[in-house]
Amino acid sequence: MHSAGLRRPCLLLLSGGVAGLCSSFVAAQQPLPSTFELMHDFTGARFFEGFEFFTDGDPTGGTVDFVDEKTAMAERLAGVNAAGQVFMRADNVTTNPSGRGRKSVRVTSTARLDPKDLPLEANGTGHLLIVLNLSHMPTGCATWPAFWMNAAVGAWPTYGEIDIIEGVHNSNATTTTLHTNLGCDQGAPLAHPPAQSMTGAWQQVDGQNATDCYIHAYEGEDNMGCPIHSPPSSGSMGAPFNANGGGVYAFLWTDEAAPPRAYACAANGQCGVAAV
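Residues numbered from 1 in each chain as written. Predicted model: local features only at pLDDT ≥ 70, side-chain atom pairs only at ≥ 80, totals over all residues. Heavy atoms only, no water.

**Overview of the state of the cysteines**
Then step 1. Within this structure, the stated rule accounts for 1 disulfide.
Then step 2. The disulfide partner of cysteine 213 is cysteine 226, and the gap between their sulfur atoms is 2.0 Å. Taking the sign of the S-S torsion, 80 degrees for the link of cysteine 213 and cysteine 226, the bridge is right-handed. Of this pair, cysteine 213 sits in the loop between β15 (208-209) and β16 (228-229) while cysteine 226 is found in the loop between β15 and β16, placing the two residues 13 residues apart along the sequence. (Disulfide = S-S within 2.5 Å. Helix = DSSP H or I, 4+ residues; strand = E, 2+ residues; numbered from the N terminus.)

As structure tokens, this is what we get:
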């Protein structure tokens, strides 16, 4: 990792059949790079080399039993199929499971990415692009597929959380959210011209855009953050996403003052961007 010098921006690539793990934010003020240098490649059999299995009780109080890698592999809750696709899933066979609940999989990357260590371009700007390629995502009652980023140190949400993919039950459109401490309001970036091209919509609170990402900003809505919902017709998750053959999510982080941003592209090539 470098905090100085001239390098191409970095790319983190992930690929899988099922998401079980953290939609766009305002564009950077500098032109985006045309090429990226591959930093990590978590595809196929090498995927699980870069992730560890979470086995604690569900922090949100859900009725779920997050299993270790050995159990997940033995019971085919995680692995790599004959086509080289990574899969992770919940147990869909057991009726009324006992104990902590239904067995499922949650993984966390072992790599720790610090924005201040991004290799710099000639203009002094660093970029990090994370790409997640999915062919299928869990859907149905009691499912909660998510892909997110948060700090490896400090009490949550001191250093923030970025939910790139999140939805529950039969949702057909993903929600992207920032969860932060006091002092992070995304209202000002809405004045940037790129924000006008966003396809998502802010969560509404009392008829106003919920742009304040502080987890206690809205009475009666603790931990809500500042969610942006993809259009219901986007098919960015759920049954429509799977019927379209999946799609690609891309998250762009820049060390500029402008917030990061993420994109969702269906397998048919249609893309959407939601800005914070």
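Don't stop here, the text continues.
**A few points about the sheet that holds strand β13 (residues 201-202)**
Then step 1. Here 5 strands make up an open sheet; going across it, the order is β10-β11-β12-β16-β13 and the pairing antiparallel. At either margin of the open sheet sits one strand with a lone partner, and together these are β10 (146-150) and β13.
Then step 2. Pairing geometry for β10 and strand β11 (residues 161-166), over 5 bridges, is antiparallel. If you follow asparagine 150 over to β11, its bridge partner there is glutamate 161. (Pairing = 2+ DSSP bridges.)

**Some words on the nonpolar core**
Then step 1. Leu132, Leu134, Met137, Phe147, Ile164, Ile165 and Tyr249 are the most contacted members of the largest nonpolar core, which has 21 residues in total.
Then step 2. Mapped by element, the contributors of at least two residues to this core are β9 (127-136), β11 and β17 (247-254).
Then step 3. In terms of residue count, the dominant contributor to this core is β9 (4 residues).
Then step 4. Phe48, Phe53, Val86 and Val105 belong to the second-largest nonpolar core, a separate cluster that totals 13 residues. (Core = buried A, V, L, I, M, F, W, Y, C linked by side-chain atoms within 4.5 Å. Buried < 20%, exposed > 50% of the residue type's maximum accessible area, 1.4 Å probe, protein only.)

**Points about the pattern of salt bridges**
Then step 1. Following the criterion strictly, the structure yields 5 salt bridges and no others.
Then step 2. Aspartate 65 is the partner of arginine 100 in a salt bridge, and the nearest nitrogen-oxygen pair spans 2.7 Å. In this pair, arginine 100 is assigned in the loop between β6 (86-88) and β7 (102-104) and aspartate 65 in strand β4 (residues 64-66), connecting sequence segments 35 residues apart.
Then step 3. The class for arginine 100 is partly exposed, based on a relative accessible area of 37%.
Then step 4. With relative accessibility at 18%, the residue aspartate 65 sits in the buried group. (Salt bridge = Lys/Arg side-chain N within 4 Å of Asp/Glu carboxyl O.)

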